[in-house]
Amino acid sequence: MIKIGVLGGGTMGSGIVQVAAQNGHHVVLVDLSQEILDRSKGKLIKIMNRLVEKGKITKDQADQTINNVQYSTDINDFKECGFIIEAIVENLEIKQNVFSQLESIVSNDCILASNTSSLSIASIGGVLKNAQRIIGVHFFNPAPLMPLVEIIPSVQTNEEILSKTKILIDSWKKVTVICKDTPGFIVNRVARPFYGEALRIYEEGIADFATIDWAMTTIGGFKMGPFTLMDYIGNDINYTVTETVFKAFYYDPRYRPSFTQKRHAEAGYLGRKTNRGYYDYSENATNPEPVKDEILGQKIVDRIVAMLINEAVDAVFWNIADKEAIDLAMTKGVNYPKGLLKWGDEIGLDIVLSRLNELFELYGEDRYRPSPLMKKMAEKGEKFFD
Ligand SMILES: NC(=O)c1ccc[n+]([C@@H]2O[C@H](COP(=O)([O-])OP(=O)(O)OC[C@H]3O[C@@H](n4cnc5c(N)ncnc54)[C@H](O)[C@@H]3O)[C@@H](O)[C@H]2O)c1
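Residues take numbers from 1 onward in each chain, read along the sequence in its written order. Under the rules for a predicted model, residues below a pLDDT of 70 receive no local features and side-chain atom pairs below 80 are neither given nor counted, while totals for whole chains, interfaces and linings still include all residues.

Asks: I'd like a rundown of the overall build of the protein, residues and numbers included.
Replies: Assigned secondary structure in the protein consists of 17 helices and eight strands. Taken over the C-alpha trace, the protein has a radius of gyration of 22 Å; the compact-globule value for 386 residues is 21 Å, and the two agree within 12%. A total of 386 residues make up the protein; the buried ones form 46% of that total. Contact criterion: two residues are in contact if their C-beta atoms, reconstructed from the backbone, are within 7 Å. At a minimum sequence separation of 6, the contacts of the protein that also span at least 24 residues come to 68%. We count a stretch as a helix when DSSP gives it H or I for four or more residues in a row; a strand needs E for two or more, and each element gets its number in order from the N terminus. For the radius of gyration, the atoms used are the C-alpha atoms, and the globule rule reads 2.2 Å times the number of residues raised to 0.38. Each residue is classed by its C-beta neighbour count within 10 Å, where at least 20 other C-beta atoms makes it buried, 12 or fewer makes it exposed, and intermediate counts make it partly exposed; the C-beta atoms are placed from backbone geometry.

The following block contains the structure:
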């Protein structure tokens, strides 16, 4: 079994280490900070103990996983690794520097992967002498629990590297989807309207946070409403993802960030982590009750879901991934109640199209333009799945 290297022992790195170690690999975790390594080790031991207590794994299995991990502040300890996953700070220059450094340490057949959420894999691989071995492997947080991993070959990636990577990550019992090296990959692209359109509905004064969340959960069937979810992710992080995707798409108005979210982030209303976001999480706080108006709620759901389906259809149109992968990504990566393309089939693409056309006519904004594929399929009465 190949030795796995993980660079960066923060939230994602620690989760990926656990996944690889639980699947029997020897793993080397490297971080600049000993304190972070100690914290990561402590966390793994705690999680393993909890799994033993719950009867999910045996004490031997827990010990095995814990013993599989070597912690180090020296990047040279990656020397023997056959597959390295980088999960350090989201900064291109820093990532490029470490990838150049990695290349001088590991053997020529070691695969170099990045867990980046928003940088292009091509730009990271651009600094490598052997760029054929660069690939994106995008885990979701928390990595041990979220089944999805997006695998992103860049223009430089060799076919064999892609297939070896897929075989490896599949062997970790993850659901893998292959997607193009484009901004936001699948999930962070297709999910944008879940936040953006909800914020827009709020900004127009159509409904408040609580009502939109109520509609999306109770009527829409989503596990969490958009504002609850943004508070959970953190408004700073969610805003940055939106802004990055917006800029990376050459300022396509479909992805335009919202002032409401920016102001919340600027005010330090980051969400749960600061006890205040769109909602107040402090003890004894009272939050507004939703207006449980079924007709209004259905309108909210129809609008946001139409925008989401349009995004998913457009991702098929641009060959970002195949239709099965796009539906899997949204159900396994962000727990949507159903795949968006399947949802489009169920509603009827002609009906989704008419909802988009109505918005497009009302606002006259490019944001609401239907995907050409949606128009073609609706006209012919076609479906994505039988
Ligand atoms: N947090 C998420 O939900 C999430 C989800 C998917 C992908 N990602 C991506 O994963 C990566 C890591 O994110 P995170 O949330 O785990 O970050 P984090 O801040 O929790 O952890 C980053 C770690 O990298 C270490 N580090 C920084 N520079 C280093 C270097 N040169 N060498 C070794 N270690 C270094 C830091 O000490 C820190 O421990 C980012 O690229 C991010 O975009 C994050």
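Let's pick the thread back up.
Asks: Break down the domain arrangement of the protein for me, citing the residues and quoting the values.
Replies: By convention here, the domain bounds are inherited from an automatic or database domain assignment. Domain assignment breaks the protein into domain 1 (4-178) and domain 2 (186-386). For domain 1 and domain 2, the distance between their C-alpha centres works out to 30 Å. In this assembly, ten residues from domain 1 lie in contact with eleven residues from domain 2. For the side of domain 1 that touches domain 2, the element with the most residues is strand β8 (residues 175-178), which contributes three residues. In terms of residue class, the side of domain 1 that touches domain 2 is made up of seven nonpolar, two polar and one charged. Under the scheme applied here, ten amino acids are nonpolar (Ala, Val, Leu, Ile, Met, Phe, Trp, Tyr, Cys and Pro), four are charged (Asp, Glu, Lys and Arg), and all others, including Gly, are polar.

Asks: For the site of the ligand, give the residues involved together with the corresponding values.
Replies: Taken together, 24 residues are adjacent to the ligand, and G8, G10, M12, S117 and N141 come closest. Listing elements by their share of the shell around the ligand, those giving two or more residues are α1 (11-22), α4 (92-105) and β6 (134-139). Broken down by element, the shell around the ligand gets its largest block of residues, three residues, from α1. Partitioned by chemical class, the residues of the shell around the ligand number eleven nonpolar, eleven polar and two charged. We call a residue near a molecule or strand when its C-beta atom, built from the backbone, sits within 6 Å of it.

Asks: Please set out the environment of D170 residue by residue, giving values where relevant.
Replies: Structurally, the position occupied by D170 is in helix α6 (residues 159-171). Classification of D170 as partly exposed rests on a count of 13 C-beta atoms within 10 Å. On a C-alpha basis, the gap between D170 and V149 in space is 9.1 Å, while along the polypeptide they are 21 residues apart.

Asks: So what about the nonpolar core? Which residues, and what values?
Replies: Note that soluble globular proteins tend to have their nonpolar side chains buried in a common cluster. Counting residues in hydrophobic clusters, the biggest one holds 104 residues, and the most contacted among them are I16, I84, I186, V190, I212, A312 and I326. Looking at this core element by element, the count peaks at eleven residues for helix α13 (residues 294-317). Non-local contacts of I16, meaning those with residues more than four positions away in its chain, are made with V6, I85, A87, N115, F139 and A143. When buried Ala, Val, Leu, Ile, Met, Phe, Trp, Tyr and Cys residues are joined through C-beta atoms within 7 Å, the set is termed a nonpolar core.

Asks: Account for the pairing of β6, naming residues and giving values.
Replies: Where burial is concerned, most of β6 is hidden: six out of the six residues are buried. What you see with β6 is no split at all: I134, G136 and H138 on one side and I135, V137 and F139 on the other are buried throughout. Strand pairing is defined by DSSP finding a minimum of two bridges between the two strands. Alignment of strand β5 (residues 111-114) against β6, held across three bridges, turns out to be parallel. The partner of L112 across the bridge, within β6, is I134.

Asks: So what's going on with the packing of α13 against helix α16 (residues 349-363)? Residues and values would help.
Replies: Lines fitted to C-alpha atoms define the axes here, with helix axes fitted over just the stretch in contact, and angles between the N-to-C directions of these axes take values from 0 to 180 degrees. One can describe the packing of α13 onto α16 by two numbers: an axis separation of 9 Å at closest approach and a directional angle of 105 degrees. The angle between the axes of α13 and α16 places the two elements in the roughly perpendicular class. Across the interface between the two elements, D302, R303, A306, I309 and N310 from α13 touch V352, R355, L356 and L359 from α16. The labels follow the angle: roughly parallel below 35 degrees, roughly antiparallel above 145, roughly perpendicular from 65 to 115, and oblique for the rest.

Asks: Give me unusual backbone geometry: which residues, what numbers.
Replies: Glycine aside, residues mostly have negative phi, and peptide bonds are mostly found in the trans state. Omega for the peptide link from N141 to P142 comes to 0 degrees, which places this bond in the cis form. Within the secondary structure, P142 sits in the loop between β6 and β7 (148-153). Residue F185 is not a glycine yet carries a positive backbone phi of 50 degrees. Examined against the element boundaries, F185 turns out to sit in the loop between β8 and α7 (187-190). Of the residues examined, F185 has 26 C-beta atoms within 10 Å and is grouped as buried. With phi around 55 degrees, N335 is a residue other than glycine that occupies positive phi space. The topology assignment puts N335 in the loop between α14 (323-333) and α15 (340-347).

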